[in-house]
Amino acid sequence: MKKLSARQKLQHFMSVQSDNPDLLKAQYRAFTRQMPMMYFILLSSTWALAITHMQLAPLWLTVGIPALFTAGCMLRVMFWWRTRGTDPKPDVAHAALVRANRLAIGIASVFTVWSFLLVPYGNAYTQSHVAFYMAITVISCIFCLMYVRSAAFLVALIVNGAFVVFFVASKQPTFIAIAINVLLVCAGMMSILLTNYRNFERMVVSQQRTEALSNENLQLANIDSLTELPNRRAFFAHLEAELEKAKVDGTRLALGVIDLDGFKPVNDLYGHSVGDRLLIKVSRRLTSALKASRAFRLGGDEFAIVAPIVPEDDQLVANANAISEQLRAPYQMPEGTVHVSASMGIAVFPNLASTLEQLFDRADYALYHAKKTRRGGAVLFDAEHEKQINIEAHIEHLLKQADLENELSVVFQPIVDVCNQKTVGFEALARWSNPTLGCVSPAQFFSIAERAGIVSSLTRPLLKKALATASTWEEHLRLSFNLSAHDLNSCEGVLSLIGIIESSGFDARRLDLEITETAFTLDFEQVKQSVEVLRRLGCGISLDDFGTGYSSLTRLHALPLTKIKIDRSFVTDLHEKPASYKIVKSLLTLSRDMGLECVVEGVETPEELAALRGLGGTLVQGYVYSPPLREENVSEFLSRKSIDIAVAGQK
């Protein structure tokens, strides 16, 4: 066994190994750089030796054989020169190095034999030249062959072995001394060669490990650790590559951006661990629903699909709706059955989107419309959306340039107690009259300001104006004022509001600040902290548009609310819609059970008002009593001793 093991080790040492492809390729690249130099040294030394023997030895020995050597060597030089700088496949590199290993035996043998054939000719000087030729040439070849260890050792063994034996056998003290000296030098050279080869091998292995680690880090940097889908960074890199390809090929490219509807309540009700498991299930369903397309997780409950093969628009939307349908199916969890839906916005290159930024922004804009108008479905960005974007961009530009102190104004809509027909307060509503646009709907400019992140610049002047007017009212009247989610999302924003309230001279205990459930989609802990600070100041806190968002009872209990407001979407034709009637009845009961006042907004007809009275509603706001009033009309409204509901309802 020991003999077999030793033989295997020798075979391994003296052959070109193929177990490490990267090492093979590195050897090959280094070898191609060294070989032309080796053949140049070999030929120049050979012709130098041939010339010194040209007058002494036969021409076939001094010209013929060197000429053959030159032809053979030049062929090898041309081969290695052509392959210089290439990146060969491992099998090609292995075959070339094995061939070089074999050629090393032949070349070393024929050059050694030729050298010995010249020894009998000439005197001691020419014989010394032969010894010098063999010694120097073999050392040069060893250096040039160092990246293929086996070839270097074979050349050293053949040339030096024959050299030492031949010159020791001559029994000439000088030649014996030269032979011993060359033997010792070559032994040292081989030791250096082995060290350099090991260092070379270690360097290649180290590069392999570094590259493997780099690839692993790159993969980790581009893979979402929870869902194992490519992440946001990988998404933009892939989208850029696919977009460039589509431009070159003249093809279409579709981008779908997905947002889960109802995911936050799952987190609130079951906890983040269940939410994480739900995201994993969603990602698996999404992946299984795709064929040529690729899915990504952008973050949170937002995903994306890049589709390089795009059908016609109608079929594209149908496919997207089919994906949304699959994602809408119930998810079975150990904690219970979970329901979410998926809204999707789609944009297509080059249709209305020519750059990566446009493609993503327009898919995101289509998603925004999907969540507003087709929640749980897909919306394709079209020319109408582009027109709307241009309008909104114009409005946003004018908002940023506007003289808000002068262009913004406030109107007030009464809130009436239906039990005694007395006005208990007013809600402040914003109006914007721009010199260029004229009067702009608050529903339009507020949503644009929120998307642009400039809504707080509207809140401050509006609050100042509303408080200034309310300060002139009788002390029993309250003021309701709407806050944006962005107003509550930072300590600085809340401090700014507090400063305005305290400097106004209006009693904070008469102020109801209204927030919508969209505030919960931001940093809930920060929103909660902001609300608590405002509550300690004395302000009432109302939850506006209750029932239209995704707030959970857990979060409602966590906030120090004083009122809820039922959205008008539940009130319209309340007396004719059993479903709306039951919803309003439940919400009124819930408010009483939670110890909260309840304001029903958007009441427009006496019939709706009568139905609300029957359900026990007390606080009502809407056109049935009055449209929003200008500051100068508030006093006139309050001065009326009785309110003619029928007449007001016809206005």
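Note that the coordinates shown come from a computational prediction; the quantities given were computed from them, not determined experimentally.

### Here's the deal with the overall build of the protein chain
Okay, step 1: Of regular secondary structure, the protein chain possesses 23 helices and 16 strands.
Okay, step 2: Here the C-alpha radius of gyration of the protein chain, 44 Å, is well above what a compact globule of 651 residues would show, namely 26 Å.
Okay, step 3: Its C-alpha atoms put the protein chain at 145 × 60 × 50 Å along the principal axes.
Okay, step 4: Burial statistics for the protein chain: of 651 residues in total, 46% are counted as buried.

### Examining the sheet that holds strand β6 (residues 341-349)
Okay, step 1: Taking strand neighbours across the sheet as the criterion, the 5 strands line up as β2-β3-β1-β6-β7 in an open arrangement whose pairing is mixed. On the outer flanks of this sheet lie β2 (294-299) and β7 (378-380), each paired with one strand and no other. Taking the axes of each pair of neighbouring strands and ignoring which way they run, one obtains an average angle of 20° across the sheet.
Okay, step 2: When strand β1 (residues 253-261) meets β6, the two strands line up antiparallel, connected through 9 bridges. Counterpart to Val-257 in the pairing with β6 is Gly-345.
Okay, step 3: Lying on the sheet, helix α10 (residues 272-289) is in contact with β1, β2 and β3 (302-307); it crosses β3 at an angle near 15°.

### Some words on the pairing of β2
Okay, step 1: As paired elements, β2 and β3 share 5 bridges and run antiparallel to each other. For Ala-295, the partnering residue across the bridge sits in β3 and is Ile-305.
Okay, step 2: Between β2 and β3, which pair antiparallel in sequence order, lie 2 residues; one of them, Gly-300, sits at a positive phi of approximately 60°.

### What about the confidence of the model for the protein chain?
Okay, step 1: Per-residue pLDDT for the protein chain has a mean of 85; in total, 92% of the residues score no lower than 70.
Okay, step 2: Here residues 645-651 is modelled with pLDDT under 50, and outside its nearest four sequence neighbours on either side it reaches 11 contacts, counting other chains as well.

### Considerations on the state of the cysteines
Okay, step 1: Under the counting rule described, the total for this entry stands at 0 disulfides.
Okay, step 2: A disulfide-free cysteine, Cys-539 has its sulfur positioned 17 Å from the sulfur of Cys-491, the nearest such atom.

### Some thoughts on the side chain of Asn-222
Okay, step 1: If you trace the backbone, Asn-222 turns up in helix α7 (residues 173-222).
Okay, step 2: Given a relative accessible area of 16%, Asn-222 falls into the buried group.
Okay, step 3: Polar side-chain contacts of Asn-222 include one of 3.5 Å to the backbone nitrogen of Ala-234.

### Structural notes on a nonpolar patch on the surface
Okay, step 1: Together, Trp-60, Val-113 and Leu-117 line one region of the surface with nonpolar side chains, adding up to about 300 Å² of accessible area.
Okay, step 2: Inspection of the secondary structure puts Val-113 in helix α4 (residues 90-118).
Okay, step 3: A relative accessible area of 47% places Val-113 in the partly exposed class.

### Description of α10
Okay, step 1: Relative to the 26 Å expected for 18 residues at 1.5 Å per residue, α10 spans 25 Å between its end C-alpha atoms, a close match to the ideal helical length.
Okay, step 2: Looking only at α10, the buried set comprises Val-274, Gly-275, Leu-278, Leu-279, Val-282, Ser-283 and Leu-286.

### Examining the pattern of salt bridges
Working definition: two side chains of opposite charge can pair if their charged atoms are close together.
Okay, step 1: Considering all chains together, one arrives at 18 salt bridges under this definition.
Okay, step 2: Here Asp-512 and Lys-563 are joined by a salt bridge, their closest N and O atoms 2.7 Å apart. Of this pair, Asp-512 sits in strand β12 (residues 511-516) while Lys-563 sits in strand β14 (residues 563-566), and the two are 51 residues apart along the sequence.

Criteria and cut-off values
Residues numbered from 1 in each chain as written. Predicted model: local features only at pLDDT ≥ 70, side-chain atom pairs only at ≥ 80, totals over all residues. Heavy atoms only, no water. Helix = DSSP H or I, 4+ residues; strand = E, 2+ residues; numbered from the N terminus. Rg over C-alpha atoms; globule rule 2.2 N^0.38 Å. Buried < 20%, exposed > 50% of the residue type's maximum accessible area, 1.4 Å probe, protein only. Pairing = 2+ DSSP bridges. Axes fitted to C-alpha atoms, helices over the stretch in contact; angles between N-to-C directions. Contact = heavy atoms within 4.5 Å. pLDDT = per-residue confidence, 0-100. Disulfide = S-S within 2.5 Å. Polar contact = N/O pair within 3.5 Å; in protein donor to acceptor, adjacent residues only side chain to side chain. Patch = residues over 30% accessible without salt bridge, like charges linked within 9 Å, V, L, I, M, F, W, Y side chains within 5 Å. Areas by Shrake-Rupley, 256 points an atom, 1.4 Å probe, with all protein chains shown as cover. Salt bridge = Lys/Arg side-chain N within 4 Å of Asp/Glu carboxyl O. Expected span 1.5 Å × (residues − 1).

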